[in-house]
Amino acid sequence: MKTKSIGIIDSGLGGYSFYHTLTREFPEVSFVLIADQANAPFGDKSKEELSEIANKLIDRFHKMGISLILIACNTLSASILKEMRDEFPEVELISIIDLTISQIKDSAKRILVIATTATINQKAYSKALSKSHKNAWINEVATPKLVDLIEGLANDSDIDEVLEEYLSDKSKVDTIVLGCTHYPLIKKNIEKITNANQVDALEGSIEYFNKISELPLGTSKVFTTLDAKRFAHQIKTLFNDDVAVEEIVL
Ligand code: DGL
């Protein structure tokens with residue numbers, strides 16, 4: 001496949017987690033992140049609104065000559081992936097949900113999925129897990145307050161308080177699926193509450209790109225649809241990375 005770069009899509013810092021991980025693992029490869037922070041959070045939006053957002057993002061990448069895109073967003077992957085694949089047959093869209101599920105151990109027996117309201121409403125994880133983990137107990141819980149707290153660089157005590165409420169059922173669980181790409185940023189907070197195995201797609205994304213023989217080489221770039229200074233500050237605070245962020249209008 002001829003693609004100028006690998007596109008990464010999300011509403012904000014969740015996408016940056018993937019950009020951070022992948023640019024370190026594949027330093028010669030060109031990754032382009034568009035963080036659509038003007039529309040964050042995605043998780044409370046209707047399917048129609050999400051379709052419109054995804055359409056604009058994929059179209060923008062398409063116009064940049066980018067035809068391989070990691071949908072680093074569970075909300076979009078759960079809600080509009082099929083529709084977007086029909087709409088853009090010439091673009092390959094990678095589902096973050098598939099990558100996350102690939103990381104769940106076969107031995108997982110009691111699985112809790114936490115994600116945005118839109119992702120939970122689609123039951124994307126329970127549908128997939130009912131095939132891959134037929135005999136497991138599966139519970140899906142919407143955790144809508146977390147994305148705003150993470151994007152707002154909330155302090156640990158505020159995050160811990162909200163997690164206590166969401167994870168009240170934790171004692172029954174051996175695996176927590178982080179069904180939102182923002183949640184790897186609060187792994188340490190979750191660890192304080194439960195020692196269940198936490199699963200995300202970061203490692204799965206490395207495995208995915210390792211299997212592709214010709215990755216596009218070049219420089220990498222970060223765009224936001226909101227405020228470049230703010231995004232650079234959020235990135236510096238959470239990842240200690242100094243990145244040049246550019247603003248983009250979709
Ligand atoms: N990080 C995205 C996800 O995985 C979107 C979160 C949001 O903007 O609500 O669902």
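First things first, this report covers the structure right here in the doc.

Below, the discussion takes up the environment of glutamine 122. Locating glutamine 122 in the fold gives a position in helix H5 (residues 117-122). Separated by 87 residues in the primary sequence, glutamine 122 and phenylalanine 209 have C-alpha atoms spaced 27 Å apart. The contacts of glutamine 122, once residues within four sequence positions are left out, are Lys47, Ala78, Ser79 and Lys127.

Looking now at the sheet that holds strand S5 (residues 110-115). Strand order across the open sheet formed by four strands is S6-S5-S7-S8, with parallel pairing between neighbours. Of all strands in the sheet, those bounded by a partner on one side alone are strand S6 (137-142) and strand S8 (197-199). Each adjacent strand pair in this sheet contributes to an overall mean axis angle of 20 degrees, direction not counted. On top of the sheet, helix H6 (residues 124-132) reaches S5, S6 and strand S7 (175-178); it is set at about 170 degrees to S6, its chief contact.

Another point: the site of the ligand. Looking at the ligand, there are 13 residues lining it, with Ser11, Phe42, Gly43, Thr75 and Thr181 nearest. One of the side-chain N or O atoms of serine 11 is found 2.6 Å from an oxygen atom in the ligand. Between the ligand and threonine 75, the relevant distance is 2.6 Å, taken from an oxygen atom to a side-chain nitrogen or oxygen of the residue. Across the complex, the protein chains shield 99% of the 300 Å² of accessible surface that the ligand would expose by itself. The pocket occupied by the ligand, as judged from atoms lying within 2 Å of grid points, is the largest cavity. Split into classes, the residues belonging to the shell around the ligand amount to five nonpolar, seven polar and one charged.

Once that is clear, we can look at the side chain of threonine 194. Here threonine 194 shows up in the loop between helix H9 (187-193) and S8. Within the structure, threonine 194 has its side chain in polar contact with the backbone nitrogen of alanine 196 (distance 2.9 Å). Apart from residues no more than four positions distant in its own chain, threonine 194 is found in contact with Leu167, Lys170 and Ile176.

What follows is about unusual backbone geometry. In this structure, the amide linkage connecting alanine 40 to the following residue, proline 41, adopts the cis form with an omega of -5 degrees. Note on placement: proline 41 falls in the loop between strand S2 (31-35) and helix H2 (47-63). Of note in the backbone geometry, lysine 123 takes a positive phi value of approximately 55 degrees without being a glycine. Structurally, lysine 123 is set in the loop between H5 and H6. Lysine 123 sits in the partly exposed class, given a relative accessible area of 47%. For asparagine 240, which is not a glycine, the phi torsion comes out positive at approximately 55 degrees. Within the fold, asparagine 240 resides in the loop between helix H11 (228-239) and strand S10 (245-247). Residue classification places asparagine 240 among the exposed positions, given a relative accessible area of 55%.

Take the pairing of S7 next. Here S7 shows two buried faces, one formed by Thr175 and Val177 and the other by Ile176 and Leu178. Note: S5 against S7, four bridges, orientation parallel. Bridge pairing links leucine 112 to isoleucine 176 in S7. Pairing between S7 and S8: three bridges, direction parallel. Within S8, the residue paired with threonine 175 across the bridge is asparagine 197. Taken together, S7, H9 and S8 constitute a β-α-β crossover, and its handedness is right-handed.

Conventions and cut-offs
Residues numbered from 1 in each chain as written. Predicted model: local features only at pLDDT ≥ 70, side-chain atom pairs only at ≥ 80, totals over all residues. Heavy atoms only, no water. Helix = DSSP H or I, 4+ residues; strand = E, 2+ residues; numbered from the N terminus. Contact = heavy atoms within 4.5 Å. Pairing = 2+ DSSP bridges. Axes fitted to C-alpha atoms, helices over the stretch in contact; angles between N-to-C directions. Near = heavy atom within 4 Å. Polar contact = N/O pair within 3.5 Å; in protein donor to acceptor, adjacent residues only side chain to side chain. Areas by Shrake-Rupley, 256 points an atom, 1.4 Å probe, with all protein chains shown as cover. 1 Å grid on protein atoms, 1.4 Å probe; cavity = no way out; pocket = protein on both sides within 12 Å on 5 of 7 lines; lining within 4 Å. Sits in = over half its atoms within 2 Å of the grid points. Nonpolar A, V, L, I, M, F, W, Y, C, P; charged D, E, K, R; others polar. Buried < 20%, exposed > 50% of the residue type's maximum accessible area, 1.4 Å probe, protein only. Right-handed = clockwise from strand over helix to strand, strands pointing away.

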